[in-house]
Amino acid sequence: MASVNYNKVAKLRYRSRFYDYMVEEEGDKSCEAAAEQARKKLDEAVKALPSTGITIPDGIVLDVQDLCMYFGGVKAVDGLSFQVKEGEIFGLIGPNGAGKTTVFNCITQFYKPTSGTLHFKNKFGQVIDLNKERVHDVIIHGIVRTFQNVEVIREVSILDNLLIAGHRQYTSSLVTQAFHLPLLKKEEKVVRDRALKVLDFMGLTPYKDFPAVGLPYGVLKKIEIARTLMCDPQLIILDEPAAGLNDNETAELADLIQKIRDEYKCTILLVEHDMGLVMDICETICCISFGKRLAIGTPEEVQADKNVQTAYLGVSEEE
Amino acid sequence: MENNTASPKNILKNPPVQIILFGIVLCLIQVLSMNGVISSSFAFALGNTLIYAVMAIGFCLLLGYSGLASLGTAGFIGIGTYAVYYIMQENGYPLFLAFLVTLGISLGLGVVVGFISLRIEGIYLAILTLGLSEIIRNVLMAIKPTIKLELANSRLFGIQMNDRVAYFLIVIIYCLLMWVTSNLINSPTGRAMVAMKNSTSAAQAMGISLMKFRLMAFVIATVYAALGGLLYMVYVRNLTTSSSLLLTLTTSLNILGAVIIGGSKSLWGTFVGTFIIYGIQSMFLSRIPFFVKNPAFITMVTGVLIVVVVMFFPGGIAQIASNISASFKKRKLAGAAAAAEEKKGEE
């Protein structure tokens, strides 16, 4: 199983980061040796990763080729291909029922595609075949997503929501957790600190101890985005981030998405119905309808495309 | 972690301190009953309640935190009781070995059963575990319908385990499990379980393996139930499987009821819940002549309580407690705000 190796590397990576933090932020000299050792172990493990033998062109982070997802006779996604460049904001648009969310679900492995390839350049610089990964392992490669219908953990506070997102960053064993040994307490502090930084970045600090239930929709949407930032994203997948937001909030969101891309040096892939937002911030747009690609290119190119106009506005009878 | 300012109020808010204090109180009750201040049957009933509370902690983690409903508790209790019987009574080994064997068997069984059954959810999981529990009960009954542990064979590190010593053992194990469970709840594991209960897709997207944490919660509940069985056998020392209700659905349902009455997301609530279901009945109601004459009414009282709690306080007794403390806090905040206003006015 390929993910076993990556799991180990991811753990080593967080272990190393933990010791670095202890040395740098906490000034704990006793951790220096451990930090050095952890770094060395991580380097070795990354080098030892077996080559996957898959190549994608330079500067491409996600390569989708001939993706098909059939539900019985329904062809939700039918032979879709596109490439997402590193560091860009990529918009996936299409009329209702075009299969946009299905594409997302395939990339994040919530659905196993019927056929097609999904190649992704992960955090360790390796190109992997996403179809071989399990749904909960996708995150260690750097793909994080939000949901269309806001899946915030309602029973716990906002801060705890972010700690849940940082789940994979804990390296403590079950025994350490059961007896609350010092390692867990330190790790908890490191992850909590990161969470507070993310909350600060998102402007959610005043809400940090609020239970997630009963907060305004705009805040819940922000929590979801904050959660993705907790996970060291390489590719953030946003499913309709502007749905249900008013104009002010949408404008704020547009700024935020660009700020995230610049600050966190990640790629953003989004599905959105708000054309204003998409045309404003996306560098590349792919328009799909009934699971097939209609057009791909810059916002101007897509807007000018005849097929796209037909799909959205229908055929004018005079022609 | 929170700031650890060492004011006495904050120390009392520390879960380990609370648990130790509670343990001391429980031990004191037994000491008082030794001196004749409290009747010994009262202390015995309290010990019995604590055994069920041990099982309820595990079930609380399973239902309240992971959102899985299992009705197989009784079967796993049986594993504990029979392990004690065969190891201590038949072979004369000490309690410590029985403890290890119970842990081992319940761990193994929990993993196997969990691995097969946790692919299904909700009511189907409850039905499956119920069936399994009945299978275990019938197998155990076929092996030996009545088991009895002689007092002479019940030893831990050379100490004779009579009722009173066993009571202290129960308190120690109860407090230890409370501590471990509250630690787990306040660690990534516990948070992963809550995430899984609230939204499976969000949990998966955050890198939480559903199978791993479902299995973990299930195994923990299994082990706690088996430990409850072990304690029961050491404390009560005999069990007639065919006529006793211990290994039947009744126990599983009672524990489910206890956890719901107490508040499925509160560890202290589980104790209150078990106390209401098992404690009140054996400690107070069974002294009132009316209930002694008509024992069926005792069950009715519990039933009415469950109905009342579920209807008016879906979060259980723990919800009532937190409501009260929240209203106090609100009053305090309002008071502070009023004081601030007044100050402003003066200026």
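Residues numbered from 1 in each chain as written. Chains lettered and ligands numbered in written order. Predicted model: local features only at pLDDT ≥ 70, side-chain atom pairs only at ≥ 80, totals over all residues. Heavy atoms only, no water.

1. Points about a nonpolar patch on the surface
Residue and element names in this part refer to chain B. Residues Leu12, Ile20, Leu21, Ile24, Leu28 and Val31 make up a contiguous nonpolar surface patch of roughly 530 Å² in combined accessible area. Among the elements that line the nonpolar patch, the one with the most residues is helix 2 (residues 15–34), at five residues. When its relative accessible area of 34% is taken as the criterion, valine 31 is described as partly exposed. (Patch = residues over 30% accessible without salt bridge, like charges linked within 9 Å, V, L, I, M, F, W, Y side chains within 5 Å. Areas by Shrake-Rupley, 256 points an atom, 1.4 Å probe, with all protein chains shown as cover. Salt bridge = Lys/Arg side-chain N within 4 Å of Asp/Glu carboxyl O. Helix = DSSP H or I, 4+ residues; strand = E, 2+ residues; numbered from the N terminus. Buried < 20%, exposed > 50% of the residue type's maximum accessible area, 1.4 Å probe, protein only.)

2. Examining the domain arrangement of chain A
For interface size, the figure often reported is the accessible area lost on association. All names here are of chain A. The assigned domain composition of chain A is domain 1 (2–48) and domain 2 (60–153 + 204–313). Averaged C-alpha coordinates put domain 1 and domain 2 at centres separated by 31 Å. Facing the nine residues of domain 1 at the interface are 12 residues of domain 2. Taking both sides of the interface into account, the surface hidden between domain 1 and domain 2 amounts to around 890 Å²; carbon and sulfur atoms contribute 56%. Counting across the interface, domain 1 meets domain 2 through one salt bridge. In this structure, arginine 17 engages aspartate 232 in a salt bridge whose closest nitrogen and oxygen atoms are separated by 2.8 Å. The residue makeup of the side of domain 1 that touches domain 2, split by class, is five nonpolar, two polar and two charged. (Domains from an automatic or database assignment. Contact = heavy atoms within 4.5 Å. Buried area = accessible area lost by both parts, 1.4 Å probe. Nonpolar A, V, L, I, M, F, W, Y, C, P; charged D, E, K, R; others polar.)

3. Digging into the confidence of the model for chain A
For chain A, per-residue confidence averages 88 on the pLDDT scale, and 97% of positions sit at 70 or higher. The secondary structure element of chain A with the lowest average pLDDT is helix 1 (residues 2–24) of chain A, at 82, and the one with the highest is strand 7 (residues 235–239) of chain A, at 94. (pLDDT = per-residue confidence, 0-100.)

4. A word on the confidence of the model for chain B
Residue and element names in this part refer to chain B. A residue-level look at chain B finds 95% of positions with pLDDT of 70 or above and a mean pLDDT of 86. Counting contacts from residues 1–5, a segment whose pLDDT is below 50, to residues more than four positions away or on other chains yields four contacts. Listed scores for the predicted complex are pTM 0.90 and ipTM 0.89.

5. Some thoughts on the sheet that holds strand 8 (residues 267–271) of chain A
Residues and elements named next belong to chain A. The six strands lie next to each other as 6-7-8-3-9-10, forming an open sheet whose pairing is mixed. Only two strands of the sheet have a single neighbouring strand rather than two, namely strand 6 (143–145) and strand 10 (292–297). Averaged over all neighbouring strand pairs, the angle between strand axes comes to 15 degrees, with direction disregarded. Where strand 9 (residues 284–289) meets strand 10, five bridges bridge the pair, whose relative direction is antiparallel. In the sheet register, isoleucine 288 faces strand 10, and the bridge partner there is arginine 293. Of the strands in this sheet, strand 3 (89–93), strand 7 and strand 8 are in contact with helix 8 (residues 247–264), which crosses strand 8 at around 150 degrees. (Pairing = 2+ DSSP bridges. Axes fitted to C-alpha atoms, helices over the stretch in contact; angles between N-to-C directions.)

6. Observations regarding the packing of aromatic side chains
Per the stated rule, a full pass over the model turns up 18 aromatic pairs over all chains. Each ring, one from Phe22(B) and one from Trp268(B), has its centre 5.2 Å from the other, and the planes form 85 degrees; the classification is edge-to-face. Here Trp268(B) lies in helix 12 (residues 267–283) and Phe22(B) lies in helix 2, a separation of 246 residues in the sequence. By way of ring pairs, the aromatic residues Phe22(B), Tyr174(B), Trp268(B), Phe271(B) and Phe275(B) are connected into one cluster. Lying over the aromatic face of Tyr70(A), Lys75(A) brings its terminal NZ or CZ to 5.3 Å of the ring centre. (Phe/Tyr/Trp six-rings, centres within 6.5 Å; stacked < 30°, edge-to-face > 60°. Lys NZ or Arg CZ within 6 Å of the ring centre and 35° of its normal.)

7. Here's the deal with the pattern of salt bridges
Inspection of every chain in the model, using the stated rule, returns 20 salt bridges over all chains. Here Arg191(B) and Glu188(A) are joined by a salt bridge, their closest N and O atoms 3.1 Å apart. Of the two residues, Arg191(B) sits in helix 8 (residues 188–198) while Glu188(A) sits in helix 6 (residues 182–202), which places them in two different chains. Residue Arg137(B) is joined to Glu134(B) by a salt bridge in which the shortest nitrogen-to-oxygen separation is 3.8 Å. Placement of the pair is Arg137(B) and Glu134(B) together in helix 6 (residues 122–143), with a separation of three residues, close to one helical turn.

8. Overview of the nonpolar core
Membership of the largest hydrophobic core comes to 193 residues, with the highest contact counts inside it found for Leu62(A) and Tyr174(B). For this core, the element with the highest residue contribution is helix 10 (residues 210–236) of chain B, accounting for 19 residues. Counting contributing residues per domain, this core is built from domain 1 (2–48) and domain 2 (60–153 + 204–313) of chain A, each supplying no fewer than three. When sequence neighbours within four positions are dropped, the list of residues in contact with Leu62(A) reads Phe82(A), Gln83(A), Val84(A), Ile107(A), His119(A), Phe120(A), Leu130(A), Leu235(A) and Leu269(A). Counting residues in each nonpolar core, the second largest holds eight residues, with Tyr19(A), Met22(A), Ala35(A) and Val190(A) among its members. (Core = buried A, V, L, I, M, F, W, Y, C linked by side-chain atoms within 4.5 Å.)

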